[in-house]
Amino acid sequence: MLKRCFSFCKTGKHSRVCTIVGSQWGDEGKGKLVDILAENFDVVARYNGGANAGHTVIVDGKKFGFHLLPCGVLYQKTQNIIGNGVVLHLPSLFEEIKQVEDAGYECRNRIFISDRAHLVTSVHLEADGAQETSRGDKSIGTTKKGIGPTYMTKMMRSGLRVGDLRHWESFKEKYHRLADFFEKAYEFKVDREKEIDEFGTYKEQIQSMITDSIWKVNQDLQEGKRLICEGANALMLDIDFGSYPYVTSSSTGTAGVMSGLGIPPNKLETVIGVVKAYTTRVGAGPFPTEVLGEVGDHIQNVGKEYGVTTGRKRRCGWLDLNVVKYTSMINGYTSINITKLDVLDQLEEIQIAVGYKLHGKKLQSMPSNLEDLSQVEVEYETLKGWKSDITQCKQWKDLPPEAKAYLDRISQILGLPVTWVGTGPTRENMLLNPNYS
């Protein structure tokens, strides 16, 4: 009986608390698995990041791009929490709400916003652009969505929080102090009165959504409700564990669940690492398995590797299991979800990176600095491609033997079960491994 319950937890389908995290440099397709699982969960809670991240979900031919809204909004019974670890740009939030409502989904009474979440202002947006410009040819590729400066003011203890909107006069004083600091530091001006007026409008619209999310999420668990913890970005973009400084400004892994939602660590039952069948990166920074030329272009074009948030092309390369082993060590994956396997359909041969060497010595983990990461020698294994269209596969057993061999080898190297595999863009293109169903 214990063995059966453990196998259930690996898929997330029967967990009380399931966490979905990115295992590479982001853009793995986390939103699709969250969307599929959310049908049988009571609450979906976003715990980190801001409008710099994008989750794409396709339902009944309609494409939704979520940057702030949790992916549970498309199920009428599911509640959606924006946690205290999120930095919130209210104009973007209401654009997403409109997108959902225009598609025929009611959602406002199912959105709960933490009163401790920090607000992104036009001051932060201007500062983000100024910071990136000041770096010149050493820019780190920020999305210029104000994320870094907002987390900066959070750590400086001078930020604006959602709950501050309930104390209007105090909010305006804090806003002016924030603007004073950045305008002096970066020599720009914003239209303060215009933005204050906008916040005045937004505060009326979100009053019913503001909540003590720490209490709510723990009360939900106490009442037996089932929860998905939804992360943005991925562990290689984590502020502590990622390829610094080409990282985001938040805790993107399981540690972010505790700090971004206030959930005790002993509540996490299942952690599913989402792994793209190859590897992508956006922006600058060392990329050991990057593939240039015909194969790289093929993966980029077939995979439609363009950012949901920025539209920027993503750099593409072979699956790097040294990265996934590292992120699994930190996040504690109970299983993995391989996504976009169909992008590799037409390749004769497929390579997997299985390790790194630096100056002839095998590395046991990821280098902490860019200088070493840029010099690693990658060890590869080559597998045979399947040369067939797997988007038509309805069940795991329908996958070609070569595709199963690819998945089996990944599982063997990582020592983790592959419980889900994505074979196309829709909900129907996510296959469950029957060995863990």
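Residues numbered from 1 in each chain as written. Predicted model: local features only at pLDDT ≥ 70, side-chain atom pairs only at ≥ 80, totals over all residues. Heavy atoms only, no water.

(A) View of the overall build of the protein. Of the regular secondary structure elements, the protein holds 13 helices and 20 strands. In summary, the protein has a C-alpha radius of gyration of 22 Å against a globular reference of 22 Å for 437 residues, a match within 12%. If one aligns the C-alpha atoms of the protein with their principal axes, the spans along those axes are about 65 × 50 × 40 Å. Sorting the 437 residues of the protein into buried and exposed places 57% on the buried side. In the protein, the share of contacts with a sequence separation of at least 24, taken over all contacts with a separation of at least 6, comes to 76%. (Helix = DSSP H or I, 4+ residues; strand = E, 2+ residues; numbered from the N terminus. Rg over C-alpha atoms; globule rule 2.2 N^0.38 Å. Buried < 20%, exposed > 50% of the residue type's maximum accessible area, 1.4 Å probe, protein only. Contact = heavy atoms within 4.5 Å.)

(B) Structural context of the sheet that holds strand β2 (residues 43–46). Strand order in the open sheet formed by 10 strands is β9-β7-β5-β2-β10-β1-β11-β15-β19-β20, and the pairing between neighbours is mixed. Two strands bound the open sheet, and with one partner strand each, they are β9 (210–211) and β20 (430–432). Relative to strand β11 (residues 270–276), strand β1 (residues 17–22) is paired through 5 bridges, and the arrangement is parallel. Within β11, the position partnered with C18 by the bridge is T270. (Pairing = 2+ DSSP bridges.)

(C) Main features of the pattern of salt bridges. By the definition in use, this model includes 26 salt bridges. With a shortest N-O distance of 2.8 Å, R108 and E101 are connected by a salt bridge. We note a salt bridge from D212 to R116, for which the minimum N-O separation is 3.3 Å. Here D212 is found in the loop between β9 and α8 (213–222), whereas its partner R116 is found in the loop between β7 (111–114) and β8 (118–119), with 96 residues between them in sequence. For D212, a relative accessible area of 32% translates into the label partly exposed. Accessibility expressed as a relative area gives 35% for R116, which makes it partly exposed. (Salt bridge = Lys/Arg side-chain N within 4 Å of Asp/Glu carboxyl O.)

(D) Seen up close, the packing of helix α6 (residues 168–186) against helix α7 (residues 192–206). Orientation of α6 relative to α7, taken along the N-to-C sense of each, is 140°, at an axis distance of 11 Å. For α6 against α7, the interelement crossing comes out right-handed. Taken together, the residues of α7 that come into contact with α6 (itself represented by W168, F171, K172, Y175, H176, A179, D180 and E183) are R192, E193, E195, I196, F199, G200 and K203. Classifying every residue of the contact of α6 with α7 by side-chain character gives 6 nonpolar, 2 polar and 7 charged. (Axes fitted to C-alpha atoms, helices over the stretch in contact; angles between N-to-C directions. Left-handed = near helix turned anticlockwise from the far one by under 90°. Nonpolar A, V, L, I, M, F, W, Y, C, P; charged D, E, K, R; others polar.)

(E) Structural view of a negative patch on the surface. Taken together, the side chains of D191, E193, D197 and E198 present a region of like negative charge at the surface. By the secondary structure assignment, D191 is in the loop between α6 and α7. Assessed through its relative accessible area of 49%, D191 is described here as partly exposed. (Patch = residues over 30% accessible without salt bridge, like charges linked within 9 Å, V, L, I, M, F, W, Y side chains within 5 Å. Areas by Shrake-Rupley, 256 points an atom, 1.4 Å probe, with all protein chains shown as cover. Lys, Arg positive; Asp, Glu negative; His and termini not counted. Charge placed at Lys NZ, Arg CZ, Asp CG, Glu CD.)

(F) Seen up close, the pairing of strand β10 (residues 227–230). On β10, burial covers both faces: L227 and C229 on one face and I228 and E230 on the other are all buried. Bridging between β1 and β10 involves 4 bridges; their strand directions are parallel. Pairing of C18 across the sheet is with I228, part of β10.

(G) Summary view of helix α11 (residues 321–331). Across the 11 residues that make up α11, a large majority, 8, are buried. Among all positions of α11, only L321, N322, V323, V324, Y326, T327, S328 and N331 are buried. Packed against the buried residues of α11 are β1, α9 (254–261), β11, β14 (319–320), β16 (349–358) and α13 (401–414). If you check the start of α11, you find a side-chain oxygen 3.0 Å away from the backbone N of N322, and it comes from D320. (Polar contact = N/O pair within 3.5 Å; in protein donor to acceptor, adjacent residues only side chain to side chain.)

(H) Summary view of the pairing of β11. Judged by how many residues are buried, β11 sits mostly within the fold: 7 of 7 residues are covered. Residues T270, I272, V274 and K276 of β11 are buried on one face, and the alternating residues V271, G273 and V275, pointing to the opposite face, are buried as well. As defined by bridge partners, β11 adjoins strand β15 (residues 335–339) across 5 bridges and the pair is classed as parallel. Bridge assignment links I272 to a residue of β15, and that residue is S335.

(I) Expanded view of the confidence of the model for the protein. Mean pLDDT for the protein: 93, with 95% of residues reaching 70 or above. The low-confidence segment residues 1–8, where pLDDT is below 50, has 4 contacts with residues more than four positions distant or belonging to other chains. (pLDDT = per-residue confidence, 0-100.)

(J) Structural detail: helix α10 (residues 294–302). For α10, the set of buried residues is G296, I299 and Q300. The buried residues of α10 occupy an angular sector of 95° when the element is viewed end-on, so they sit on one face. Elements that come into contact with the buried residues of α10 comprise β13 (315–317). (Arc of directions from axis to C-beta.)

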